[in-house]
Structure formats: C-alpha cells, structure tokens
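Reading the structure
Now for the letters of each chain:
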Amino acid sequence: MAHRETNGSKLFITVLCMVAACSAVPINDLLDRASQRSDMLHSLSTTLTKDLSNHVPPVGWTMMPRPPLCHTSSLQTPNDKEQALQLSESDLMSLARSLLQAWQDPLVDLSNSANSLLHPSQSSISNKIRELQEHSKSLGDGLDILSGKMGPAAQAISSLPYRGSNDIGEDNISKLTNFHFLLSCFRRDSHKIDSFLKVLRCRAAKVQPEMC
C-alpha cells in the first residue's frame, strides 16, 4: 500500500527532531528504544502466559472468560497492520498511551496475586510481573514526553475502567484461571502497543509501509 506523507507525519518528525536535539540522541534511536521496550513487554508477557498455560487444569479452561471480556476491549483499535497504517501519528500515540495507562492497576493486582500463587515457578513469575511493571512505567514515561510535544490529540487518553480487586480468586484453580486470563489480556494489548510504536518508528525513518 502506497504511503502518502501527511502534515501530521511532518509534524511528528519535526517533534522528534526537537527531542533528539535536546537529548543529543538520533531520532531513529529514540523510537528504537521505545520499540525495544514495548517488544520486551510483549515477549515477557508471552513467556509468562505460556508458563501458566501448562498448569491451568481442564476445569480452569472452562471457567476462563473470553477475550472480549478484557477491560480494554471497548477501545476501538485497528484489527490489522493495514488499518493501523491508515491512522495518524497522534491517533496511534493516543491509543498506545490509553492501553498502557489502563494496565497500571491490573499489573498491581497481578503483582500482589503472584506472591500467593500456587505454581512451581511462583518466584520466577513474581519477578517477571515486577519486570512488566518496570518496563511499562519506563515506556509510559517516555511516551508521555513524546505525546506532550505532539499536541493535544496525541495526549488524549481514553478511559478504560478496571473493576478488578486485589483478590483474583478464592481457591487455587480460580486464582490460576483469573491470573492467566488477566495476563492474556495484557499480552494482547502489549502486542497492539508494540505494533503502533513500530508504525511510528517506520514513519519517522521514512520506511515504506510494507517494510514495517
């Protein structure tokens, strides 16, 4: 699909130039770092989800909620790469920040619940959840700075209420099931965030859309 540079694209690149000049870091390096951080989030959540999948009993799978019940499902996001490429830079940044912010409280619940999770790799899971929190916080701080330079549209945040609690289950099966479901939702959203940031990185580097 041919890519036409929009005024928004020019503004985005100009903003990145300003940030790069202030920090003496090349534009591509700035977005590479954000992309690397989001890639870490998605990779780590994928590993955690696979680790948990091996210990969820059959009855747990029948109890597990479906993806449409994730608390971020109400946010309208692109279904594929082609749709993502149609969005403006501000819209992509707004979506990425909205998703990331929506996981602040759920990640706290996951961290608290990991401490009492009956799982052979409980200690490793707990450490990895803390890593997710750290990477998420670091990425969020970086995107806040960029969005502040891009204007009001990029700063817009969609409210995605999370109605969870510190206790995600009364017994081990329900805890494992709900823990796995919540983590699966995060994995899905981390993939979206990573995809949006990669599109932004490609545009800043003036890479052809099909190469993103």
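Rules used in this analysis
Numbering of residues starts from 1 in every chain and runs along the sequence as written. Predicted model: local features are reported for residues with pLDDT of at least 70 only, side-chain atom pairs are reported and counted for 80 or more only, and whole-chain, interface and lining totals are derived from all residues. Water and hydrogen atoms play no part in the side-chain values, which are based on all heavy atoms of the structure. UniProt positions are given in the numbering used here, feature names are shortened, and annotations may be inferred rather than shown by experiment. We define a nonpolar core as any set of buried Ala, Val, Leu, Ile, Met, Phe, Trp, Tyr and Cys residues linked to one another through side-chain atoms lying within 4.5 Å. Throughout this description, buried means an accessible area under 20% of the type-specific maximum (1.4 Å probe, protein chains only), exposed means over 50%, and partly exposed covers the range between. Each helix is a run of H or I in the DSSP string that is no shorter than four residues. Each strand is a run of E no shorter than two, and both are numbered from the N terminus. Whether two residues are in contact is decided by their heavy atoms: any pair within 4.5 Å suffices. Counting rule for disulfides: a pair of cysteine sulfur atoms within 2.5 Å. For this analysis, a ring pair means two rings from Phe, Tyr or Trp (six-membered ring only for Trp) whose centres lie within 6.5 Å, classed as stacked if their planes differ by under 30 degrees, edge-to-face if by over 60, and tilted for the remaining angles.

Going by what UniProt lists, the protein is known as Prolactin and is assigned to Sparus aurata. Here is the UniProt Subcellular location comment for the protein, exactly as written: "Secreted".

Turning next to the nonpolar core. Counting residues in each nonpolar core, the largest one holds 44 residues, and the members touching the most others are Ile125, Ile129, Leu132, Leu139, Phe179 and Leu183. Elements with a minimum of two residues in this core: α2 (27–53), α4 (81–85), α5 (89–102), α6 (104–114), α7 (122–150) and α9 (172–204). Filtering out sequence-adjacent residues up to four positions away, isoleucine 129 remains in contact with Leu48, Leu107, Leu110, Ser111, Ala114, Phe179 and Leu183.

Time to look at the state of the cysteines. Within this structure, the stated rule accounts for one disulfide. Covalently, cysteine 70 is tied to cysteine 185 through a disulfide, its sulfur atoms 1.9 Å apart. Here the disulfide of cysteine 70 and cysteine 185 is left-handed, its torsion about the S-S bond being about -80°. Of this pair, cysteine 70 sits in the loop between α3 (58–63) and α4 while cysteine 185 is found in helix α9, placing the two residues 115 residues apart along the sequence. Like cysteine 70, the residue cysteine 185 is buried in the burial classification.

Turning our attention to the packing of aromatic side chains. Evaluated as defined, the whole model comprises one aromatic pair. Judged by centre distance (5.3 Å) and plane angle (85°), the rings of tryptophan 103 and phenylalanine 186 are edge-to-face. With tryptophan 103 in the loop between α5 and α6 and phenylalanine 186 in helix α9, this residue pair connects regions lying 83 residues apart in the sequence. Across this residue pair, the class does not change: tryptophan 103 and phenylalanine 186 are buried.

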